[in-house]
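Chain residues, written in single-letter form:
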Amino acid sequence: AGDAGVEIGFGEVSRLSGNGPWRIETADGEAHTARAVVIATGLNKGKLGVPNESDFEGRGLSHCAICDGPLYAGQPVVVVGQGGWAAVEAKELEAMVGQVIVVDPAKEPVVALEGANGLEAVVVNAAGTRKSIPAKAVFVYQNETPAAEFLPDSLARDASGHIVVDTEGRTSVPTVFAVGDVRAKARRHLNDAIADGQRAGKAIAATLKK
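Small disclaimer: the values here were computed from a predicted structure and weren't measured.

Another aspect to go through is helix α3 (residues 190-209). In this model, α3 (20 residues) spans 29 Å end to end at C-alpha, consistent with the 28 Å of a helix rising 1.5 Å per residue. Where α3 is concerned, the buried positions are D192, D196, A200, A203 and I204. On an axial view of α3, the arc spanned by its buried residues comes to 105°, and they lie on one face. Exposed residues pointing more than 90 degrees away from the buried face of α3 are listed as L190, N191, K202 and K209. On its buried face, α3 is in contact with β4 (37-39) and β12 (176-178).

Residue P21 is reached from G20 by a cis peptide bond, and omega for that bond is 15°. Mapped onto the secondary structure, P21 falls in the loop between β1 (13-18) and β2 (22-26). Positive phi, close to 65°, is recorded for R188, a residue that is not glycine. Residue position: R188 is located in the loop between β12 and α3.

Turning next to the nonpolar core. By size, the foremost hydrophobic cluster in this structure holds 17 residues, and its most contacted members are L48, V78, V110, L113, V122 and V138. Among the secondary structure elements, those contributing two or more residues to this core are β6 (76-81), β7 (99-103), β8 (110-114), β9 (121-126) and β11 (137-141). Excluding residues that lie within four positions of it along the chain, V122 makes contacts with V78, V110, A112, L113, K131, S132, I133, A135 and V138. Listed in part, the 14 residues of the second largest apolar core include I24, L151, I163 and V173.

Right, let's get into the packing of aromatic side chains. One pass over the full model with this rule turns up one aromatic pair. Relative to F139, the ring of Y72 has its centre 6.4 Å away and its plane inclined at 90°; by these criteria the two rings are edge-to-face. Residue Y72 is located in the loop between α1 (65-68) and β6, and its partner F139 is located in strand β11; the two are separated by 67 residues in the primary sequence. Pair check on accessibility: Y72 and F139 agree, each one buried. Just above the ring of F56 sits the side chain of R59; from NZ or CZ to the centre is 5.6 Å.

What follows covers the sheet that holds β11. In spatial order, the strands read β5-β11-β6-β7; together these four strands make up an open sheet with parallel pairing. This sheet does not close on itself; its edge strands, each paired only once, are β5 (61-62) and β7. Where β5 and β11 come together, two bridges link them in parallel fashion. In the strand pairing of β11, L61 is matched with V138. Running at roughly 170° to β6, helix α2 (residues 84-94) makes contact with β6, β7 and β11 of the sheet.

Reading the values: rules and limits
- Residues numbered from 1 in each chain as written.
- Predicted model: local features only at pLDDT ≥ 70, side-chain atom pairs only at ≥ 80, totals over all residues.
- Heavy atoms only, no water.
- Helix = DSSP H or I, 4+ residues; strand = E, 2+ residues; numbered from the N terminus.
- Expected span 1.5 Å × (residues − 1).
- Buried < 20%, exposed > 50% of the residue type's maximum accessible area, 1.4 Å probe, protein only.
- Arc of directions from axis to C-beta.
- Contact = heavy atoms within 4.5 Å.
- Core = buried A, V, L, I, M, F, W, Y, C linked by side-chain atoms within 4.5 Å.
- Phe/Tyr/Trp six-rings, centres within 6.5 Å; stacked < 30°, edge-to-face > 60°.
- Lys NZ or Arg CZ within 6 Å of the ring centre and 35° of its normal.
- Pairing = 2+ DSSP bridges.
- Axes fitted to C-alpha atoms, helices over the stretch in contact; angles between N-to-C directions.

Put into structure tokens, the structure is as follows:
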């Protein structure tokens, strides 16, 4: 990309405003303008909703099997989630850790995390019965939300807050595109996200040449 003349920058985007050209503002005070924008921000981390959850960030609470799984080789871990992605992550972990316990939130919600120097147990409530599951890590794949808080209300969203797009990735605003897990009806497959980006890139090139 650099060889093609692309300038790469890093920062937390705090606001998108305008209507082509667009103004992109960052948390550290930078501002950029663009004739077209691609939103590829994915999902916010899932939450368990237990009181001491933040205490275990980086100390047993994780959101990425391939990133953190090797840290727990030979040890028990818990995966919390329902549906395809939780199953995919659980399978990834099976090759890295000692034991994987999957908690389906539709059947047994997590009510507490326990541990003095890092996570030691995940406490769940199953049909009114409280039980403690020994675990050195918990991987959370529930209550994930689209990372789209900084976007203007003019972009149409579905009931869960994902950005609605057409077959080319174009949003309700013609020069803004959304790709990957932030868009509506995304299947959370890497190949799908790559294809989204390719379609959006071609559509943007065609749009800007007009």
